[in-house]
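# Topology and contacts: notes
Given next are the chains, with one letter for each unit.
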Amino acid sequence: MAFESQSWRFGLEEIEGSVQYEYGAKFAELVEEKTDGAITVELFPYGQLGGLTDIYDAAQSGAIQLAFGSGFLGGTVPESQIFSLNFVLTDDEWTNTQILNSDEWLENEDFQEAFRDRDLHPIAVVPEGWQVWSANREIRTPDDMSGLAIRTMDNRLLRETYQAYGADPITIEYGELYSALQLGQAEGNIQPVFAHEEMAFYEVQDYLIFSNHAQFIATFMGNKDWWDGLTDEEREVIIEAREELVEYIHDKQQQLNTERLETIKENSDIEIIELDQEQRDAFAELAHPVRDTFVGMTGERGERMLDKLLELVEAEQE
């Protein structure tokens with residue numbers, strides 16, 4: 001069929017070369033291909049639309065049609081902070097990607113309405129790799145994290161999680177983080193490996209700590225009115241592209257994170273620490289009560305979402 005000629009604007013939270021950029025570029029390619037060039041997608045990497053909340057505001061208002069939202073999105077869609085909970089998902093990245101992009105999760109009414117109530121429509125969930133701690137001190141136990149001024153996104157759940165670990169969480173805009181770490185205003189940081197590398201945070205930190213406590217997860221979303229106004233054929237193009245992207249971006253993020261870790265090792269003498277199961281369990285025990293905080297913040301809808309996610313994880317682990 002013939003598609004109406006149009007351009008969709010897509011706001012990214014990350015710079016060119018990142019996982020979100022790779023996703024956006026492939027999405028644009030697929031949309032153009034499936035519509036014989038009638039629909040194009042224009043990418044706006046981080047910084048072009050302002051800060052992170054500016055991107056969400058633009059998506060809510062319809063100034064842009066598409067956007068990514070991750071940790072900072074908790075201020076706009078509180079239920080999205082479910083992805084900030086530590087030690088909830090499985091230890092296997094591909095399993096988690098499949099769970100979060102299953103119809104049981106994506107089409108779940110509570111998940112859908114959490115976004116739609118804020119003039120957004122969730123399209124896909126994109127895990128971008130394990131979150132990795134960096135610090136200027138060795139961290140193997142919660143005691144080691146005591147009093148650490150660690151930068152978290154402006155997200156109550158993350159703050160409460162790191163307070164539970166004994167740290168002193170602080171919020172700093174992503175673009176200002178390098179200088180804050182360099183000047184000692186922040187002593188630690190939480191990012192997927194590719195972000196530690198592309199923003200050069202590793203240059204001003206002494207340790208990278210792998211604990212597999214959580215993945216960095218972004219939601220690919222559209223403006224609600226725009227989504228509702230699409231034709232069935234246009235919506236089908238997006239859904240087909242989304243499905244083709246699940247395995248593509250999983251492989252891409254693993255490749256990017258592996259390559260970037262090698263770059264970090266080659267260009268610095270930063271020490272890599274990998275926590276064993278017993279060490280991880282000590283943090284997991286402290287993180288568990290934060291689930292109640294999430295439910296307290298998001299009410300019955302949040303509780304149902306958490307129960308659903310835990311049910312899907314448990315089914316995969318059996």
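Structural notes, computed from the coordinates. Please read these numbers as outputs of a predicted model, since none were measured by experiment. (Residues numbered from 1 in each chain as written. Predicted model: local features only at pLDDT ≥ 70, side-chain atom pairs only at ≥ 80, totals over all residues. Heavy atoms only, no water.)

### Topic: the packing of helix 3 (residues 93-100) against helix 12 (residues 290-317)
Between helix 3 and helix 12, the least distance of the axes is 10 Å, while the angle of their chain directions is 135°. Here helix 12 runs oblique to helix 3, going by the angle between their axes. Judged by the twist between their axes, the crossing of helix 3 over helix 12 is right-handed. Each of Thr95, Ile99 and Leu100 in helix 3 lies in contact with helix 12, whose residues at this interface are Leu309, Leu312, Val313 and Glu316. Classifying every residue of the contact of helix 3 with helix 12 gives 5 nonpolar, 1 polar and 1 charged. (Axes fitted to C-alpha atoms, helices over the stretch in contact; angles between N-to-C directions. Helix = DSSP H or I, 4+ residues; strand = E, 2+ residues; numbered from the N terminus. Parallel < 35°, antiparallel > 145°, perpendicular 65-115°, else oblique. Left-handed = near helix turned anticlockwise from the far one by under 90°. Contact = heavy atoms within 4.5 Å. Nonpolar A, V, L, I, M, F, W, Y, C, P; charged D, E, K, R; others polar.)

### Details of the packing of helix 1 (residues 19-34) against helix 10 (residues 232-267)
At a closest axis distance of 9 Å, the pairing of helix 1 and helix 10 adopts a crossing angle of 145°. The handedness of the crossing between helix 1 and helix 10 comes out as right-handed. Facing Val19, Glu22, Tyr23, Lys26, Phe27, Leu30, Val31 and Lys34 of helix 1, the residues of helix 10 in contact are Val237, Ile238, Glu240, Ala241, Arg242, Glu244, Leu245, Tyr248, Ile249, Lys252, Gln253 and Leu256. Taken together, the residues that form the contact of helix 1 with helix 10 break down as 12 nonpolar, 1 polar and 7 charged.

### Digging into the nonpolar core
Among the nonpolar cores identified, the biggest contains 95 residues, and Phe27, Trp105 and Trp133 are the most heavily contacted of them. Here Trp105 is in contact with Ile82, Phe83, Ile99, Leu100, Phe111, Val125, Met305, Lys308, Leu309 and Leu312, once residues within four sequence places are set aside. Counting 8 residues, the second largest nonpolar core, distinct from the first, contains Val193, Tyr202, Leu261 and Ile270. (Core = buried A, V, L, I, M, F, W, Y, C linked by side-chain atoms within 4.5 Å. Buried < 20%, exposed > 50% of the residue type's maximum accessible area, 1.4 Å probe, protein only.)

### Focus on the side chain of Arg291
Assignment of secondary structure puts Arg291 in helix 12. No salt bridge is formed by the buried Arg291. Its closest oppositely charged neighbour is Asp292, at 7.9 Å. Each residue touching Arg291, except ones within four places of it in the same chain, is listed here: Leu85, Phe87, Val88, Leu306 and Leu310. (Lys, Arg positive; Asp, Glu negative; His and termini not counted. Salt bridge = Lys/Arg side-chain N within 4 Å of Asp/Glu carboxyl O.)

### Some points on helix 6 (residues 156-164)
Regarding helix 6, the residues found buried are Leu157, Leu158, Thr161 and Tyr162. Projected down its long axis, helix 6 shows its buried positions confined to an angular sector of 125°, all on one face. Positive phi shows up at Gly166, right after helix 6, with a value of about 100°. (Arc of directions from axis to C-beta.)

### Focus: the pattern of salt bridges
Scanning the model with the defined rule gives 17 salt bridges in all. As a salt-bridge pair, Arg301 and Glu79 come within 3.0 Å of each other at their nearest N and O atoms. Note that Arg301 is positioned in helix 12 and Glu79 in the loop between strand 3 (66-69) and helix 3, a separation of 222 residues in sequence. Here Arg156 ties to Glu160 by a salt bridge, and the two come within 3.0 Å at their closest N and O atoms.

### Topic: unusual backbone geometry
A negative phi angle is the norm for most residues apart from glycine, just as the trans form is the norm for most peptide bonds. Unlike most non-glycine residues, Asp36 shows phi in positive territory, near 50°. Mapping Asp36 onto the fold places it in the loop between helix 1 and strand 2 (39-44). Note on Asp36: relative accessible area 70%, which makes it exposed. Positive phi, close to 65°, is recorded for Asp119, a residue that is not glycine. With respect to the secondary-structure elements, Asp119 resides in the loop between helix 5 (109-116) and strand 4 (120-135). Overall, the relative accessible area of 38% leaves Asp119 in the partly exposed class.

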